[in-house]
Amino acid sequence: MPFIELDVLNAPERPTLGIDLGTTYSLVALWREGRPQVLRPAGRPDGRIPSAIWFPSSAPPQVGWPARDHAVTDPGATILSVKRFMGRGLADARADLASVPFPARETENHVIQFEAQGRAWTPQELSALILKEVWRIASAALGEEAPRRAVITVPAYFDEAQRAATRDAARLAGLEVARIVNEPTAASLAYGLEQKKQGTVVVYDLGGGTFDVSILAIEGGVFRVLATAGDTHLGGDDLDRALVELAFEESGVGAEFRADAAFLQGLRLAAERCKIELSSRSESELHISVPEQRLPWRRMVRREELEQRIQPFVQRTLDLCRRALHDARLQTEQIDEVVLVGGSTRIPHVRAEVARFFGRKPHTELNPDEVVAMGAAVQGHVLGGGTRELLLLDVTPLALGLETLGGAVSKIVLRNSPIPCQATEGFTTHADNQTGIDFHVVQGERELAKDCRTLGRFKLRGIPPLPAGMARVSVRFALDADGLLAVTAREESSGAQATIEVQPMNGLSDPEVERMLKESYAHAREDFDQSRLVNLRVEIASMLRALEKSLPGVRGALDRETLLDIEEASAHARTAERLGDVQAVQRLRDELERAAMPLAAALMDSVAKAALQGKKLSEV
Ligand code: ADP
Ligand code: MG
């Protein structure tokens with residue numbers, strides 16, 4: 001029907017955010033003025049939003065930079081790397097639980113719950129907190145309410161349960177998921193590689209806590225994942241740790257501080273700062289303040305030293321690249337493009353080693369932190385109807401099937417099938433008068449069900465009593481464009497039907513999501529006030545710090561009355577910590593700002609005078 005086509009063509013573009021929901025950092029981008037643009041948090045040159053959540057003792061959770069800062073001052077109340085728990089049960093996540101300061105348990109459906117602030121939080125709800133903050137930042141950057149539709153990226157190896165958990169997190173955050181897209185596919189899109197008629201692309205992604213390498217084949221707009229390899233515990237954090245070890249070896253800090261969470265966090269951040277500086281300079285100072293010692297410990301670190309210390313980690317990433325090539329049955333000469341993703345690929349040594357390994361210069365033109373979000377925004381633009389030129393398809397990363405008698409797997413949807421797709425397979429009964437069949441839905445490439453991942457189990461009842469082998473049961477697997485699965489079983493021979501849909505293991509049921517949504521609406525007002533309160537307190541604290549720092553220098557330039565006014569407002573503002581009323585705290589903040597006004601003017605004056613006298617700013 002041509003008019004429908006026309007309708008689609010003329011429909012206004014539906015703006016769609018691109019969100020990189022990362023393990024350590026998340027980013028958001030939107031297609032504007034003909035290109036994908038990263039939306040940045042206020043006052044930050046880069047778009048990264050730490051995927052960190054801080055649970056203050058008497059205020060709602062805080063996400064992003066404030067939370068990341070509290071990982072140092074309040075490590076017992078901060079959770080990092082929630083992504084590791086998405087779509088996972090306790091048994092899968094044992095190793096990662098150690099880094100979470102909250103007790104964990106599991107629901108009936110094997111969904112993890114963390115206990116914080118006296119309530120239980122699933123990874124989906126925690127990710128939703130991050131997504132809400134991401135949306136808030138997007139709105140602030142745009143100066144208006146950001147679109148609620150979003151493309152969200154996930155690692156290529158994410159299975160059904162992990163993708164479903166990501167989609168549920170988005171729903172809980174009030175977002176409509178336009179599409180779940182693989183991170184390496186998004187990175188390729190950011191570089192416009194889908195325009196290649198045919199090609200093989202390696203996406204090397206070294207982030208904060210994880211390493212992934214994907215080999216993609218592009219053909220007519222379809223991205224097929226030929227192979228993925230990686231290590232979910234290899235990344236920038238390990239490189240920081242290499243410098244932390246150097247500090248322990250040389251500073252003489254006692255081994256007892258290895259157990260001091262706050263000290264360790266501070267040291268880790270110092271190590272990270274030093275590491276990052278070494279990406280653009282040949283040396284950088286690592287300094288730490290050792291508790292109970294008066295002098296801080298300082299040490300110049302040369303770039304070559306860092307390179308030497310991180311070489312074993314870089315080597316491991318290259319070994320994994322070799323494995324992926326082997327799985328894809330490719331030689332390095334057959335690779336057309338190499339794309340670098342992840343903050344850690346800023347390290348010159350990493351770039352050099354990757355270039356040497358693949359024998360070609362990798363793409364580094366775009367900011368490696370931002371490429372995934374940018375690619376997601378490109379995909380959002382396409383899906384929102386912004387262009388019809390690009391038809392993009394992903395594929396399912398792992399085969400989907402059913403366990404058959406004897407524990408083998410009958411694969412129904414093969415790995416690398418372009419999605420959306422569906423496939424149907426026929427089954428029958430094994431015993432006379434059998435009226436039910438148990439199905440075990442699995443995902444994986446292995447031959448035995450016990451070696452694959454369980455996605456769910458269900459029972460088809462109501463099969464009419466028939467001799468063995470006479471019942472005709474068809475099982476349909478339908479994968480939607482996000483790679484999410486619905487399984488339906490039906491008994492055909494009798495006309496009596498029984499249909500059931502799989503409830504994923506490690507996943508939330510629809511009623512659960514509904515309940516969580518209702519809860520979050522119910523607390524919305526309260527939460528809003530509470531977080532406003534926390535923000536105001538943080539603001540007041542930083543104003544007070546600034547005052548303390550600058551007041552002595554310009555005291556002489558201010559009259560007595562102004563000084564008294566400032567002192568009084570400061571004293572009042574210091575009581576903010578103890579006040580629970582948002583309005584009252586807001587007044588304290590405003591009063592402080594007003595009182596400090598003449599001081600700001602005096603500071604400006606002295607800066608201007610200094611400039612006239614040819615003095616440097618730092619000498620004022
Ligand atoms: P993820 O995708 O895992 O959330 P990112 O891709 O944002 O993480 O990478 C974060 C990591 O990149 C951190 O370990 C950070 O220290 C590191 N990083 C960021 N910038 C630089 C830089 N200029 N040099 C070295 N490492 C960097
Ligand atoms: Mg990433």
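Please refer to the structure placed before this passage.
Residues numbered from 1 in each chain as written. Chains lettered and ligands numbered in written order. Predicted model: local features only at pLDDT ≥ 70, side-chain atom pairs only at ≥ 80, totals over all residues. Heavy atoms only, no water.

Describe the packing of helix H4 (residues 123-142) against helix H5 (residues 160-172), with residues and values.
The interhelical angle for the contact between H4 and H5, taken along N-to-C directions, is 55°, at an axis separation of 8 Å. In terms of orientation, H4 and H5 fall into the oblique class. For the crossing formed where H4 meets H5, the hand is right-handed. Contacts between H4 and H5 pair Gln124, Glu125, Ser127, Ala128, Leu131 and Lys132 from the former with Ala165, Asp168, Ala169, Ala170 and Leu172 from the latter. When its residues are assigned to classes, the contact of H4 with H5 shows six nonpolar, two polar and three charged. (Axes fitted to C-alpha atoms, helices over the stretch in contact; angles between N-to-C directions. Helix = DSSP H or I, 4+ residues; strand = E, 2+ residues; numbered from the N terminus. Parallel < 35°, antiparallel > 145°, perpendicular 65-115°, else oblique. Left-handed = near helix turned anticlockwise from the far one by under 90°. Contact = heavy atoms within 4.5 Å. Nonpolar A, V, L, I, M, F, W, Y, C, P; charged D, E, K, R; others polar.)

Please give an account of the site of ligand 1 that cites residues and values.
Around ligand 1 lies a shell of 17 residues, among which Thr24, Gly208, Glu272, Lys275 and Ser279 are the nearest. For ligand 1, an oxygen atom lies 3.0 Å from a polar atom in the backbone of Gly343. Between ligand 1 and the protein, one listed contact pairs a nitrogen atom with a side-chain N or O atom of Arg346 at 3.0 Å. The protein chains hide 92% of the 580 Å² of surface that ligand 1 would expose on its own. Per-element tally for the shell around ligand 1: the top contributor is helix H8 (residues 261-277), with three residues. Of the residues assigned to the shell around ligand 1, the class counts are three nonpolar, eleven polar and three charged. Formed jointly, the shell around ligand 1 draws a minimum of three residues from each of two domains, domain 1 (6-235 + 310-394) and domain 2 (236-260 + 267-309). (Near = heavy atom within 4 Å. Polar contact = N/O pair within 3.5 Å; in protein donor to acceptor, adjacent residues only side chain to side chain. Areas by Shrake-Rupley, 256 points an atom, 1.4 Å probe, with all protein chains shown as cover. Domains from an automatic or database assignment.)

Explain the nonpolar core to me, and be specific about the residues and the numbers.
Counting 51 residues, the largest nonpolar core has Leu17, Ile19, Ile53, Ile79, Phe114, Leu126 and Leu131 as its most contacted members. Ranked by residues supplied to this core, first place goes to H4 with ten residues. Membership of the second largest hydrophobic core comes to 50 residues, among which are Val244, Ile288, Val301 and Cys321. (Core = buried A, V, L, I, M, F, W, Y, C linked by side-chain atoms within 4.5 Å. Buried < 20%, exposed > 50% of the residue type's maximum accessible area, 1.4 Å probe, protein only.)

I'd like a description of the packing of helix H6 (residues 183-190) against helix H11 (residues 371-383), backed by residues and values.
H11 packs onto H6 with a crossing angle of 80° between their chain directions and a minimal axis gap of 7 Å. Between H6 and H11, the angle is such that the two are roughly perpendicular. In this structure, H6 uses Glu183, Ala186, Ala187, Leu189 and Ala190 to contact H11, whose residues at the interface are Val371, Val372, Met374, Gly375, Ala376, Val378 and Gln379.

Pulling in residues and values, what's your account of the sheet that holds strand E10 (residues 119-121)?
With antiparallel pairing, the three strands of this open sheet are ordered in space as E8-E9-E10. Each edge of the open sheet carries a strand with a single partner, namely strand E8 (104-106) and E10. The average angle at which neighbouring strand axes cross in this sheet is 40°, direction not considered. Looking at chain direction, E8 and strand E9 (residues 112-116) are connected through three bridges and run antiparallel. The residue bridging Glu106 from the neighbouring strand is Ile112, located in E9. Of the strands in this sheet, E9 and E10 are in contact with H4, which crosses E10 at around 80°. (Pairing = 2+ DSSP bridges.)

Report on the packing of aromatic side chains, specifying residues and quantitative values.
Across all of its chains, the model carries ten aromatic pairs by this definition. A ring pair is formed by Phe248 and Phe263, whose centres lie 6.4 Å apart and whose planes are at 75°; its orientation type is edge-to-face. With Phe248 in helix H7 (residues 236-251) and Phe263 in helix H8, this residue pair connects regions lying 15 residues apart in the sequence. Note on Phe248: relative accessible area 9%, which makes it buried. Seen in terms of ring centroids, Phe427 and Phe439 are 6.0 Å apart; in terms of plane orientation they differ by 75°. Their pairing is edge-to-face. Of the two residues, Phe427 sits in strand E21 (residues 421-427) while Phe439 sits in strand E22 (residues 437-443), which places them twelve residues apart along the sequence. Taken together, Phe55, Phe102 and Trp121 form an aromatic cluster joined through their ring pairs. Seen from the ring of Trp121, Arg119 lies directly overhead, with NZ or CZ sitting 3.7 Å from the centre. Residue placement shows Arg258 over the ring face of Phe248; its charged tip is 4.1 Å from the ring centre. (Phe/Tyr/Trp six-rings, centres within 6.5 Å; stacked < 30°, edge-to-face > 60°. Lys NZ or Arg CZ within 6 Å of the ring centre and 35° of its normal.)

Kindly report on the environment of Leu455, identifying the contributing residues and their values.
With respect to the helices and strands, Leu455 occurs in strand E23 (residues 453-460). Along the backbone, Leu455 and Val354 are 101 residues apart, and their C-alpha atoms lie at a distance of 36 Å.

Which residues make up the pairing of strand E12 (residues 176-182), and what values go with them?
The buried count for E12 comes to six of seven residues, which makes it a mostly enclosed element. Relative to E12, strand E11 (residues 149-154) runs parallel, the two being bridged by six bridges. By the bridge assignment, Ala150 is partnered in E12 with Val177. Handedness of the crossover joining E11 and E12 through H5 is recorded here as right-handed. (Right-handed = clockwise from strand over helix to strand, strands pointing away.)

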